[in-house]
Amino acid sequence: MKRILQLHVNGETYEVLTDIHKTLLEVLREDLGLTGTKRGCDLGVCGACTVLMDGKPYLSCLTLAADAQRKEILTIEGLSQNGDLHPLQEAFIEKGAIQCGFCTPGMILTAKAFLDEQRHPSEEEVKRAISGNLCRCTGYVKIVEAILSVANHK
Amino acid sequence: MRLPKFEYLAPKTLREASKALVFNNKGSVLLAGGTDLLVQMKQRLIQPDRVISLKTIPRLSSISEGKEGIRIGALITLHDLISSPLLRERYPALVHSAKEVGAYSHQVMGTLGGNLCQGNRCRYYNQSVFWRNARPPCHKAGGKVCYVVRKSGQCHSAYCGDIAPVLIALAAQVIVVGPEGERIFPLKKLYTRNGKKPLALKKGEILKEIEIPSPAGETCYFKWRLRDAIEFPILSLALNLEKNGEGKIKKTKIIFSGVGPGPVETVETEKLLKGAALSDPLIEKVSHGVTKEISPMYTSTVSPAYKRKMAGILLRQALEKIMKMK
């Protein structure tokens, strides 16, 4: 069954005619063409599909698009402002915290939500916050360094 | 993996949700956080005609203080529960158990009610449809066999929730709403210990609130898992222990998760502790005794013998922690 959904994504409002049983991940990628959000395990284990809704990290593969209405959705595409990268994106580049890049959108968005909540976290707290985001290139050390460098600058 | 097709309802009140549930009880499911339900739907473990989303029902995520204790709305997210200064101060063990669930995003999405009502788990059941198609379905999947206990006439799937053991140890009650109005009963009674139908909710009933009495004694939660994030417990233990004025144990609750078809209370071990003073020999005795009292099955990748051994170790750690607190 198709229905019109109204979604607020990256500051813009979209009206999408789509199947009601689609997840937010599917609608973002297939209906809106926002492929920065990645499909990993598709079962809520890897964190690659993380997007922010009202500033909090959600697994878009386990969120119905219908339930994402009336929320402010932020995907990796909406993070830079007027062409300037977000400090976290800058830090990931500077520290070399990207290898294949597949986990990066989810990793950065989770880190953003976490740093907005906790200004000066410890290394241990950072590790715990991103424990739901898997990186199979095993670049965790640099990712943690990048997040901490932003935290210490805030 | 796509979700199967379904009809989507977003009722505005609990009464409406309950009515919708009564209308088509077998084919409807309730959606709260979705971290358990949508996985099961993707794996085609359940294929409901209707999904009733509870996300738009207001006033079900509050924490209020009353004469009987604290009432928590079933739709409160685990993240809000963890962030509550009141709960952190009064029920640190409850907050600790919620922190142990999944990872950051699961806690943001998952609700307390959803966590308490999560499905039982088994290594033969919680698999993709492709994997399960290799053999006839088990009891829980609608078939007539159990791969955990051969020739068994029932389902042996295990309850693996983190928060229920702590809330049972804290003597929490649940308030459910149904077509016949509200009823309140101990959380312990929410679990049927029947792997196939683990919850004692009647037709059209929905978990509305959880009421926790004022804390008495010390409570702690110990979780043992394969890695220190995301995972369900291999097994876990909630312990509540109350001493009298002379330092003797007045009351104790020992609740395990992951070792049976519901949260498991080890009554015999509790009896051994009652009236005694905590000492090293006593801790040694009961932590040995508890390994004989539980009867875990081979529902996960670790053996029942290992679970028994770890149950003793967790109980010893918990009792030693409380003994050091004085």
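Residues numbered from 1 in each chain as written. Chains lettered and ligands numbered in written order. Predicted model: local features only at pLDDT ≥ 70, side-chain atom pairs only at ≥ 80, totals over all residues. Heavy atoms only, no water.

Moving on, we come to the overall build of chain B. Along its length, chain B carries twelve helices and twelve strands. Relative to its length of 326 residues, chain B is compact, with a C-alpha radius of gyration of 20 Å against a globular reference of 20 Å. Expressed as lengths along the three principal axes of its C-alpha atoms, the size of chain B is roughly 60 × 50 × 35 Å. By the burial criterion, 56% of the 326 residues in chain B qualify as buried. In chain B, the proportion of contacts linking residues at least 24 apart, taken out of those at least 6 apart, comes to 63%. Total accessible area computed for chain B in this model is approximately 14800 Å², and 53% of it derives from carbon and sulfur atoms. Once the 52 positive and 27 negative side-chain charges of chain B are each reduced to a mean point, those two points are 8 Å apart. (Helix = DSSP H or I, 4+ residues; strand = E, 2+ residues; numbered from the N terminus. Rg over C-alpha atoms; globule rule 2.2 N^0.38 Å. Buried < 20%, exposed > 50% of the residue type's maximum accessible area, 1.4 Å probe, protein only. Contact = heavy atoms within 4.5 Å. Areas by Shrake-Rupley, 256 points an atom, 1.4 Å probe, with all protein chains shown as cover. Lys, Arg positive; Asp, Glu negative; His and termini not counted. Charge placed at Lys NZ, Arg CZ, Asp CG, Glu CD.)

A word on helix H5 (residues 140–153) of chain A. All names here are of chain A. With 14 residues, H5 extends 20 Å between its outermost C-alpha atoms, agreeing within 8% with the 20 Å of an ideal straight helix rising 1.5 Å per residue. Looking only at H5, the buried set comprises Ile143, Val144, Ala146, Ile147, Leu148, Ser149, Val150 and Ala151. Check the buried side of H5 and you find it contacts helix H2 (87–94), helix H3 (104–117) and helix H4 (123–129). (Expected span 1.5 Å × (residues − 1).)

Residue and element names in this part refer to chain A. Relative orientation of the contacting elements H2 and H3 amounts to 125°, with a least axis distance of 10 Å. In terms of axis orientation, H2 runs oblique to H3. With respect to the hand of their crossing, H2 and H3 are arranged in right-handed fashion. Together, Leu88, Gln89 and Phe92 of H2 and Thr104, Met107, Ile108, Ala111, Lys112 and Leu115 of H3 make up the contact between the two elements. Considering only residue class, the contact of H2 with H3 consists of six nonpolar, two polar and one charged. (Axes fitted to C-alpha atoms, helices over the stretch in contact; angles between N-to-C directions. Parallel < 35°, antiparallel > 145°, perpendicular 65-115°, else oblique. Left-handed = near helix turned anticlockwise from the far one by under 90°. Nonpolar A, V, L, I, M, F, W, Y, C, P; charged D, E, K, R; others polar.)

Another aspect to go through is the pairing of strand E8 (residues 206–212) of chain B. Residue and element names in this part refer to chain B. Of all seven residues that make up E8, seven are buried, and the element is covered over most of its length. Here four bridges tie strand E5 (residues 69–73) to E8, and the two strands are oriented antiparallel to one another. Looking across to E8, one finds that Arg71 is bridged to Glu211. For strand E6 (residues 173–178) and E8, the ladder comprises five bridges, and the chain directions are antiparallel. Across the sheet, the residue bridging to Val177 is Ile206, located in E8. (Pairing = 2+ DSSP bridges.)

With that out of the way, let us pick up the sheet that holds E5 of chain B. Residue and element names in this part refer to chain B. Reading across from one edge, E4-E5-E8-E6-E7 is the order of the five strands in this open sheet, with antiparallel pairing throughout. Edge positions in the sheet fall to strand E4 (63–66) and strand E7 (181–186), since each of these pairs with one other strand and no more. Each adjacent strand pair in this sheet contributes to an overall mean axis angle of 25°, direction not counted. The pairing of E4 with E5 spans four bridges and is classified as antiparallel. Pairing of Ser64 across the sheet is with Arg71, part of E5. The sheet strands contacting helix H1 (residues 14–23) are E6 and E8, and the helix crosses E8 at an angle near 130°.

Below, the discussion takes up the sheet that holds strand E3 (residues 50–53) of chain B. All names here are of chain B. Reading across from one edge, E1-E3-E2 is the order of the three strands in this open sheet, with parallel pairing throughout. Only two strands of the sheet have a single neighbouring strand rather than two, namely strand E1 (7–9) and strand E2 (28–31). Averaged over all pairs of adjacent strands, the angle between their axes in this sheet comes to 25°, without regard to strand direction. Where H1 meets the sheet, it contacts E1, E2 and E3, and its direction lies at approximately 165° from that of E3.

Residue and element names in this part refer to chain A. Domain parsing of chain A yields domain 1 (2–78) and domain 2 (87–151). Relative to domain 2, the C-alpha centre of domain 1 lies at a distance of 21 Å. Opposite the 17 residues of domain 1 that make contact, domain 2 presents 13 residues. Around 1100 Å² of area is buried between domain 1 and domain 2 when both sides are counted, 68% of it from carbon and sulfur atoms. Remark: the boundary between domain 1 and domain 2 carries one salt bridge. Here Glu117 ties to Lys56 by a salt bridge, and the two come within 3.9 Å at their closest N and O atoms. (Domains from an automatic or database assignment. Buried area = accessible area lost by both parts, 1.4 Å probe. Salt bridge = Lys/Arg side-chain N within 4 Å of Asp/Glu carboxyl O.)

Enumeration over the complete set of coordinates arrives at three aromatic pairs over all chains. Ring geometry for Phe114 of chain A against Tyr104 of chain B: centres 6.3 Å apart, planes inclined by 80°, an arrangement best described as edge-to-face. Linking Phe114 of chain A in helix H3 with Tyr104 of chain B in helix H6 (residues 104–109), this pair reaches from one chain into another. Exposure class is identical for Phe114 of chain A and Tyr104 of chain B. Each is buried. A ring pair is formed by Tyr124 of chain B and Tyr147 of chain B, whose centres lie 5.7 Å apart and whose planes are at 45°; its orientation type is tilted. Of this pair, Tyr124 of chain B sits in the loop between helix H7 (112–116) and helix H8 (129–132) while Tyr147 of chain B sits in the loop between H8 and helix H9 (163–169), and the two are 23 residues apart along the sequence. (Phe/Tyr/Trp six-rings, centres within 6.5 Å; stacked < 30°, edge-to-face > 60°.)

Turning our eyes to something else, we now look at the nonpolar core. Ranked by size, the top nonpolar core spans 63 residues in total, and within it Phe92 and Ile147 of chain A carry the most contacts. There are two domains that each give this core at least three residues, and those are domain 1 (2–78) and domain 2 (87–151) of chain A. Once you skip the residues sitting within four places of it in the chain, Ile147 of chain A turns out to touch Leu88, Phe92, Ala111, Leu115, Val126 and Ile130 of chain A. Listed in part, the 39 residues of the second largest apolar core include Leu112, Leu201, Tyr221 and Ile255 of chain B. (Core = buried A, V, L, I, M, F, W, Y, C linked by side-chain atoms within 4.5 Å.)

Opposite the 33 residues of chain A that make contact, chain B presents 32 residues. For the pairing of chain A and chain B, the buried interface totals around 2800 Å² over both sides, and the portion due to carbon and sulfur atoms is 60%. When the buried area of chain A at its contact with chain B is split by residue, His21, Leu43 and Leu62 of chain A rank highest and sum to 23% of it. Put simply, chain A and chain B have four salt bridges between them. Between Glu26 of chain A and Arg2 of chain B there is a salt bridge, and its shortest N-O distance comes to 3.8 Å. Along the contact surface separating chain A from chain B lie twelve residue pairs in polar contact (both at pLDDT 80 or more). Its residues assigned to classes, the side of chain A that touches chain B comprises 15 nonpolar, seven polar and eleven charged. (Polar contact = N/O pair within 3.5 Å; in protein donor to acceptor, adjacent residues only side chain to side chain.)

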